[in-house]
Amino acid sequence: DVTFKAAASGSGALPLPPGAAFASLTAEGAVRGPWKSPRINLTAQTRKFSFQGVSLESANLNGALAGWPPLSGSLQVQGAGLRTPGGTFNRLNLTAGGDGGRWQFQVAATSPPKPRFEAAGTADLTVSPLAVNVARLSWHSPALTFKNKTAFQVRFFPGWEISPATFQMDGGTVTVAG
C-alpha cells in the first residue's frame, strides 16, 4: 500500500509530455492492493494547466478506481476557464463511472449563452481495440450548431475509425463515416 501527497509550483521539474504545463498542482491519494489489480484513490487540483493548444484556468479531479486498466470506479473533473481552438468556456464538467470494465461518461463545457459542448456515451475497457459508443454529441455556437441524430461508435488503436453517424447541422443533415 502506498499513500502520497504532492505539491508543485510550475511544471518544469516534472517529466510531462511535450507542450504540457501548469502553474501549480496539488495531489493526494492512495494505491492499495496488488499491483495487477490496484485500488486507486486520487484527489488533485491544478491552476493554469495547458496542453497542445487547450488551457484550463483551474480544475479539480476526484477519482476512485479499481483495477488496471480501471474496470470499475468513478471519476469527476470540474474546471473553470477552458480555452480550446473551438471556443472559450466558463465551466467544464466530466463525470464517468464504471463497473466490470464498462464505463459511462458525460462531459459538458458551457459558457452562457454560447458556446456549449456536450457528449455522453459508454466504453468497454475489457475489449481491444477500444471502442467508444457515443449516444449524444452536440455543439452550439453563434457560427455552428450540430447534434447527432443516432448513436455512433469510434474505434481506436491502431488509428481511429468512426461508424456512420448522422448529425442535424444548422437546419440540414450530414452523415459521416470513416
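A.B. asks: What is the right way to look at a nonpolar patch on the surface in this model?
C.D. replies: A contiguous nonpolar surface patch, about 340 Å² in accessible area, is contributed by Val2, Phe4 and Trp35. Along the chain, Trp35 turns up in the loop between strand S2 (24-32) and strand S3 (39-51).

A.B. asks: I would appreciate a short explanation of the packing of aromatic side chains in the present structure.
C.D. replies: Two aromatic rings, taken as a pair, are described by how far apart their centres are and by the angle between their planes. Scanning the model with the defined rule gives three aromatic pairs in all. Ring geometry for Phe146 against Phe167: centres 5.7 Å apart, planes inclined by 90 degrees, an arrangement best described as edge-to-face. Here the residue Phe146 occupies a position in strand S10 (residues 145-148), and Phe167 occupies one in strand S13 (residues 165-169), the gap between them amounting to 21 residues. Overall, the relative accessible area of 19% leaves Phe146 in the buried class. Classification of Phe167 as buried rests on a relative accessible area of 10%. Here the aromatic residues Phe146, Phe152 and Phe167 are joined through ring pairs into a cluster of three or more.

A.B. asks: What am I meant to see in the side chain of Asn148 here?
C.D. replies: Relative to the elements of secondary structure, Asn148 occurs in strand S10. Looking at Asn148, its side chain comes within polar contact range of the main-chain oxygen of Ala135, at 3.0 Å. Not counting residues within four places of it along the chain, the set of residues in contact with Asn148 comprises Val134, Ala135, Arg136, Leu137, Thr166 and Phe167.

A.B. asks: Please clarify how the nonpolar core should be interpreted in this entry.
C.D. replies: The tendency in soluble globular proteins is for nonpolar side chains to be buried side by side. By size, the foremost hydrophobic cluster in this structure holds 19 residues, and its most contacted members are Leu82, Leu92, Leu137, Phe152 and Phe167. Only strand S4 (54-66), strand S6 (87-99), strand S7 (102-110), strand S8 (116-124), strand S9 (131-140), strand S11 (152-156) and S13 provide two or more residues apiece to this core. Broken down by element, the residue count for this core peaks at four residues, all from S9. What Leu137 contacts, discounting residues up to four positions off in sequence, is Phe117, Glu118, Ala119, Phe146, Lys147, Asn148, Phe152 and Phe167.

A.B. asks: Just checking my understanding: could you explain the confidence of the model for the protein for this structure?
C.D. replies: In the predicted model, the protein carries a mean pLDDT of 92, and the fraction of residues at 70 or more is 100%. Considering each helix and strand of the protein separately, the mean pLDDT is smallest for strand S12 (residues 160-162), with a value of 88, and largest for S4, with 97.

Quick notes on the rules
- Residues numbered from 1 in each chain as written.
- Predicted model: local features only at pLDDT ≥ 70, side-chain atom pairs only at ≥ 80, totals over all residues.
- Heavy atoms only, no water.
- Patch = residues over 30% accessible without salt bridge, like charges linked within 9 Å, V, L, I, M, F, W, Y side chains within 5 Å.
- Areas by Shrake-Rupley, 256 points an atom, 1.4 Å probe, with all protein chains shown as cover.
- Salt bridge = Lys/Arg side-chain N within 4 Å of Asp/Glu carboxyl O.
- Helix = DSSP H or I, 4+ residues; strand = E, 2+ residues; numbered from the N terminus.
- Phe/Tyr/Trp six-rings, centres within 6.5 Å; stacked < 30°, edge-to-face > 60°.
- Buried < 20%, exposed > 50% of the residue type's maximum accessible area, 1.4 Å probe, protein only.
- Polar contact = N/O pair within 3.5 Å; in protein donor to acceptor, adjacent residues only side chain to side chain.
- Contact = heavy atoms within 4.5 Å.
- Core = buried A, V, L, I, M, F, W, Y, C linked by side-chain atoms within 4.5 Å.
- pLDDT = per-residue confidence, 0-100.

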